[in-house]
Amino acid sequence: LKGIAMFNSKVLVTLISFLFMFPVFSEDIEEIVVTALKRSSTVIDTPASITAIGANEIEDKGITDMNDLKHLIPSMNFTSVLGAQNITIRGIGQFNGNPGVSVSTDGVFQSRAHSSQLGEMDLERIEVLRGPQGTLFGKNTTAGLINIITNTPSQEREAKIRLGAGSDSHQLIEGMFNTPINDSLSFRFSFLTKETDGFMINSITGKDRGNEDTTSFRAQLRYDNEAYSCLLYTSDAADEEDSVDLG
């Protein structure tokens with residue numbers, strides 16, 4: 001019995017020492033509220049195959065277009081071949097000119113894949129639903145839906161700017177400015193510019209291929225009081241100049 005008691009005391013001392021050497025860290029998990037099913041609910045409580053990415057993760061991982069997004073979403077892919085952009089989920093994408101995956105920005109359907117690039121700046125979250133979504137979102141959602149939610153104007157005066165640089169002379173500038181106009185009106189302006197040299201050179205003409213030069217912006221006006229709240233005006237625009245990708 002004495003030997004057992006000594007053994008137990010050694011085990012207890014070892015466990016205590018282990019806890020002091022390797023403290024247990026507790027990190028709060030960001031709870032994301034989604035509206036992909038036309039109602040607000042958490043990701044866990046949403047009865048659908050859905051992946052949601054919050055604003056912090058979007059900024060930390062530098063997501064600025066669909067090509068960045070495909071690396072984070074299971075079973076999603078994005079391709080751009082000879083200027084034709086295609087989004088696929090679970091291997092299903094465009095067929096006979098009709099997309100199998102739709103893109104919605106703040107509830108507005110994007111008719112073309114490249115027009116969805118307008119939404120990917122100053123974002124609140126991105127929701128990706130896998131599987132047919134025709135009941136809620138109509139046709140062209142056989143494979144799924146990408147629901148992009150942007151940040152809306154608020155009564156706080158704030159501004160931010162983000163700079164990025166990379167290989168092939170890649171440059172990125174993203175900014176946002178938000179200000180209240182009065183107690184009920186607020187205005188928000190955001191912009192994004194990207195420039196990248198081509199990763200291939202045409203041996204005949206000597207010009208770059210696959211280069212990118214994109215500028216986009218968004219302006220929003222919001223009315224909000226205790227009884228009623230709405231987004232009065234939203235304007236998106238983009239100017240893209242890029243060489244056709246060869247694959």
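Heads up: these notes are all about the structure in this document. (Residues numbered from 1 in each chain as written. Predicted model: local features only at pLDDT ≥ 70, side-chain atom pairs only at ≥ 80, totals over all residues. Heavy atoms only, no water.)

With that out of the way, let us pick up the nonpolar core. Core analysis: the largest hydrophobic core is formed by 18 residues, its most contacted members being Met-66, Leu-69, Met-76, Ile-87, Ile-126, Val-128 and Ile-146. Sorting the residues of this core by element identifies helix H3 (66–69), strand S4 (76–81), strand S5 (84–89), strand S6 (101–105), strand S8 (123–130) and strand S9 (144–150) as the ones contributing at least two each. A per-element tally of this core places S8 first, with three residues. What Met-76 contacts, discounting residues up to four positions off in sequence, is Met-66, Leu-69, Lys-70, Ile-87, Thr-88, Ile-89 and Ile-146. Counting eight residues, the second largest nonpolar core, distinct from the first, contains Val-34, Ala-36, Ile-50 and Leu-145. (Core = buried A, V, L, I, M, F, W, Y, C linked by side-chain atoms within 4.5 Å. Buried < 20%, exposed > 50% of the residue type's maximum accessible area, 1.4 Å probe, protein only. Helix = DSSP H or I, 4+ residues; strand = E, 2+ residues; numbered from the N terminus. Contact = heavy atoms within 4.5 Å.)

Evaluation of the coordinates by the stated rule reveals two aromatic pairs. One aromatic cluster is present, built from ring pairs that chain together Phe-189, Phe-191 and Phe-217. (Phe/Tyr/Trp six-rings, centres within 6.5 Å; stacked < 30°, edge-to-face > 60°.)

Read across the sheet, five strands follow the order S3-S8-S9-S6-S7 without closing on themselves; strand pairing throughout is mixed. One side of each edge strand has no neighbouring strand; the edge strands of this open sheet are strand S3 (49–54) and strand S7 (108–110). Ignoring strand direction, the axes of neighbouring strands in this sheet form an average angle of 20°. (Pairing = 2+ DSSP bridges. Axes fitted to C-alpha atoms, helices over the stretch in contact; angles between N-to-C directions.)

Before going further, it helps to examine the pattern of salt bridges. Counted under the stated rule, the structure contains eight salt bridges. Salt-bridge contacts for Glu-59 lead to Lys-160; the nearest nitrogen and oxygen are separated by 3.7 Å. Residue Glu-59 is found in helix H2 (residues 55–60), and its partner Lys-160 is found in strand S10 (residues 158–166); the two are separated by 101 residues along the sequence. A salt bridge links Arg-125 to Glu-127, with the nearest nitrogen and oxygen atoms 2.5 Å apart. (Salt bridge = Lys/Arg side-chain N within 4 Å of Asp/Glu carboxyl O.)

To continue, consider the environment of Asn-225. Structurally, the position occupied by Asn-225 is in the loop between strand S15 (212–224) and strand S16 (229–242). A relative accessible area of 31% places Asn-225 in the partly exposed class. Spatially, the C-alpha atoms of Asn-225 and Leu-185 are 8.7 Å apart, while their sequence positions differ by 40 residues. There is a polar contact of 2.8 Å between the side chain of Asn-225 and the side chain of Tyr-223. (Polar contact = N/O pair within 3.5 Å; in protein donor to acceptor, adjacent residues only side chain to side chain.)

Take it as geometry only, folks, not as evidence of what the structure does.
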